[in-house]
Amino acid sequence: MIPMEIHRKALKDRAKQTMRQNVPSAWLVALLFWGLTTGVSNLSDLAGFTTNLAASSYGVQFFPLFFTLLLTLYSVVMDFGYKIWCLRAWRRDEANFATLIDGFGMAGQVLMMEIHIFVRLFGWCLLPMFPATLIISSVNSLEVMVLLVELFTFALIPYLYFIRLRYALTPYLLMDRPERGAAAAVRESVNLMRGWKMELFKLDLSFLGWYALEWGLTILAQVIFLIPTVLGILQSGATPETLLTLAAGTTAGSLVGLLLCLPVELWLLPYTGLARAGFYDARISFVPPAPPVYTYDSNR
């Protein structure tokens with residue numbers, strides 16, 4: 001009988017060992033990946049490439065949408081490249097800075113994979129929406145209706161998380177067998193995760209403390225920068241100057257929060273990425289080998 005359990009502590013211990021032993025250092029690879037994804041995204045927001053370029057010209061109005069789409073596609077392929085690095089590092093294969101851009105060599109398949117997953121997630125999302133819509137529309141009170149919408153939206157987050165666990169192994173399957181295509185990787189991930197989703201959930205849950213630390217540092221930075229401005233507004237009222245200061249404080253708090261969280265993020269990126277790659281390797285190790293194919297020998 002196939003054991004339905006993966007030892008999380010062993011996975012996490014080996015992930016930390018790999019982080020220490022890999023050359024180049026895992027945190028340097030994570031820093032480069034962070035700069036090429038989160039850093040580029042934040043710089044684009046600050047420069048207004050995705051938000052503040054709307055003007056009277058139709059061509060300029062189109063640019064933010066085009067740039068946002070391009071940035072999204074770029075981030076998807078870069079994320080796939082980082083998963084390649086994690087899987088190679090876990091298997092003690094060559095994994096260096098150049099590995100991060102290996103995803104661009106199969107960008108078409110990566111995008112098809114994301115489209116397949118999105119379509120399936122959208123279908124699963126529609127499933128609870130029909131009864132929810134009927135229930136909400138039958139309520140006469142506006143306050144109750146708003147409350148039900150908020151509760152449904154909140155419940156949709158863990159629901160979609162557990163549905164997405166079905167496709168968690170898809171990127172690794174596509175890396176190992178790109179010739180089979182994105183659709184086959186999605187289907188095989190669904191089969192491999194049947195009965196194993198709770199194991200991956202428990203692995204993800206074991207990192208919750210680190211994520212809570214990140215959230216706490218982000219909130220702390222916002223509070224430090226916003227409290228003086230909010231107190232000023234409460235004392236003298238809202239003026240154009242205080243509102244401008246509030247906006248500046250929000251931006252400064254976000255940037256400081258980003259820098260405060262950076263050391264934690266550079267630890268978490270390889271830690272969680274390597275652990276998930278290890279989960280994939282552990283899961284496929286339980287797959288029984290295919291039976292041999294016998295062919296008829298006419299000379300016998």
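Structure first, text after, so check above.
Nothing here was measured: the structure is a model prediction, and the numbers come from that model.

Colleague: Can you break down the side chain of Thr99 residue by residue, with the values?
Modeller: Tracing the chain through its elements places Thr99 in the loop between helix H3 (58-90) and helix H4 (107-137). According to the relative accessible area criterion, Thr99 is buried, its value standing at 3%. With residues near it in sequence (within four places) discarded, Thr99 still touches Gly81, Ile84, Trp85, Arg88 and Glu94.

Colleague: Before we move on, could you go through the nonpolar core and cite the residues and values that matter?
Modeller: Grouped together as the largest cluster of nonpolar side chains are 58 residues, with contacts concentrated most on Phe80, Tyr82, Trp85, Leu274 and Phe279. Where this core is concerned, the elements lending two or more residues are helix H1 (8-21), helix H2 (26-47), H3, H4, helix H6 (170-176), helix H7 (182-193), helix H8 (197-205) and helix H10 (240-285). Counting residues per element, this core draws most heavily on H10, which supplies 13 residues. Not counting the four nearest positions on each side in its chain, Phe279 is found in contact with Ile6, Leu11, Leu169, Met193, Trp196, Glu199, Leu200 and Leu203.

Colleague: Could you give an account of the packing of H4 against helix H5 (residues 142-164), with specific residues and numbers?
Modeller: The contact between H4 and H5 brings their axes to 11 Å, and the two run at 150°. In terms of axis orientation, H4 runs roughly antiparallel to H5. Relative to H5, the crossing made by H4 is right-handed. Contacts between H4 and H5 involve Glu114, Ile117, Leu121, Trp124, Cys125, Leu127, Pro128, Met129, Ala132 and Ile136 from the first element and Met145, Leu148, Val149, Phe152, Leu156, Tyr159, Leu160, Ile163 and Arg164 from the second. Split by residue class, the contact of H4 with H5 holds 17 nonpolar, no polar and two charged.

Colleague: Help me get a handle on the layout of surface pockets, residues and values and all.
Modeller: The space that makes up the largest pocket amounts to roughly 1100 Å³. If you go around the largest pocket, you meet 33 residues; those closest to its centre are Lys83, Asp204, Tyr211, Thr272 and Arg276. Those elements that provide at least two residues to the lining of the largest pocket are H3, H4, H5, H6, H8, helix H9 (208-236) and H10. The residue makeup of the lining of the largest pocket, split by class, is 22 nonpolar, three polar and eight charged.

Reading the values: rules and limits
Residues numbered from 1 in each chain as written. Predicted model: local features only at pLDDT ≥ 70, side-chain atom pairs only at ≥ 80, totals over all residues. Heavy atoms only, no water. Helix = DSSP H or I, 4+ residues; strand = E, 2+ residues; numbered from the N terminus. Buried < 20%, exposed > 50% of the residue type's maximum accessible area, 1.4 Å probe, protein only. Contact = heavy atoms within 4.5 Å. Core = buried A, V, L, I, M, F, W, Y, C linked by side-chain atoms within 4.5 Å. Axes fitted to C-alpha atoms, helices over the stretch in contact; angles between N-to-C directions. Parallel < 35°, antiparallel > 145°, perpendicular 65-115°, else oblique. Left-handed = near helix turned anticlockwise from the far one by under 90°. Nonpolar A, V, L, I, M, F, W, Y, C, P; charged D, E, K, R; others polar. 1 Å grid on protein atoms, 1.4 Å probe; cavity = no way out; pocket = protein on both sides within 12 Å on 5 of 7 lines; lining within 4 Å. Points joined across faces, edges and corners; volume = space filled by probe spheres on them.

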